[in-house]
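# Structural features, examined
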Amino acid sequence: GAGVSQSPSNKVTEKGKDVELRCDPISGHTALYWYRQSLGQGLEFLIYFQGNSAPDKSGLPSDRFSAERTGGSVSTLTIQRTQQEDSAVYLCASSLVGGEIYEQYFGPGTRLTVT
Amino acid sequence: QQPVQSPQAVILREGEDAVINCSSSKALYSVHWYRQKHGEAPVFLMILLKGGEQKGHDKISASFNEKKQQSSLYLTASQLSYSGTYFCGTEWIQGAQKLVFGQGTRLTINP
């Protein structure tokens, strides 16, 4: 079946512009996660959704970052007034239910470059 | 408090064994292991829960020492396909659904 998809795959934007990154989770997966991965670094947790609500927004780096999820499916991560330090690969993952044993399925990511 | 992985990188010949460690400064509820090949998305390998329950690959084993707050991933008779960067993700609170990942261990398998 279809996996997690993300769009765009690459985004180059000028400093100060806003960007929207999209994630389509696996159908039926109730949990959705956003991570950021800078070059050669680990995975930095940004936000987690259970259904349409976000119980944990603690990882969002600043108030320029926001995310929403509609219909328990598609999620959008928005970065306003982008800065060069926002350049990274943004990964989305989904999992079946918020139980104890859950594996996250990752999408291919969106590579964001802020010039 | 990001978990600490060791070693940071390891190079092996095909058929050799490797152990990757993940240590936390906080008590853990679960440890998750993922592998990421260059330019690809991370792929799930294993979950280990406090209390001993685990789920994962048949060919990969891992341990979870709750007292020491650490986990180890054991790769035996390594194959070329094992190459990649291995990440441990730690969950401190049951049901928190938030994984804090380590910096990764880069594993290179040579023929």
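Scroll up for the structure.
Everything in this summary refers to the structure shown in the same document.

### Regarding the packing of aromatic side chains
Applying the stated rule across the entire model yields eight aromatic pairs over all chains. Between Tyr35 of chain A and Phe106 of chain A, the aromatic rings sit 5.5 Å apart at their centres with planes inclined by 35°, giving tilted as the arrangement. Taken together, the positions of Tyr35 of chain A in strand S4 (residues 31-37) and Phe106 of chain A in strand S10 (residues 105-106) put the pair 71 residues apart, joining distant regions of the chain. The exposure classification of Tyr35 of chain A matches that of Phe106 of chain A, with both residues buried. Residues Tyr34 of chain B and Phe44 of chain B carry aromatic rings whose centres are separated by 5.9 Å and whose planes lie at 75° to one another, so their mutual orientation is edge-to-face. Taken together, the residues Tyr34 of chain B in strand S4 (residues 30-36) and Phe44 of chain B in strand S5 (residues 43-49) connect sequence positions ten residues apart. Across the pair, exposure class does not vary: Tyr34 of chain B and Phe44 of chain B are buried alike. Aromatic rings pair up to connect Tyr33, Tyr35, Phe45, Tyr48 and Phe106 of chain A together with Tyr34, Phe44 and Phe101 of chain B into one cluster.

### Side note on the environment of Ala88 of chain A
With respect to the secondary-structure elements, Ala88 of chain A resides in strand S9 (residues 88-95). C-alpha separation for the pair Ala88 of chain A and Ser5 of chain A, spaced 83 residues apart in sequence, amounts to 17 Å.

Cut-offs used in this document
- Residues numbered from 1 in each chain as written.
- Chains lettered and ligands numbered in written order.
- Predicted model: local features only at pLDDT ≥ 70, side-chain atom pairs only at ≥ 80, totals over all residues.
- Heavy atoms only, no water.
- Phe/Tyr/Trp six-rings, centres within 6.5 Å; stacked < 30°, edge-to-face > 60°.
- Helix = DSSP H or I, 4+ residues; strand = E, 2+ residues; numbered from the N terminus.
- Buried < 20%, exposed > 50% of the residue type's maximum accessible area, 1.4 Å probe, protein only.

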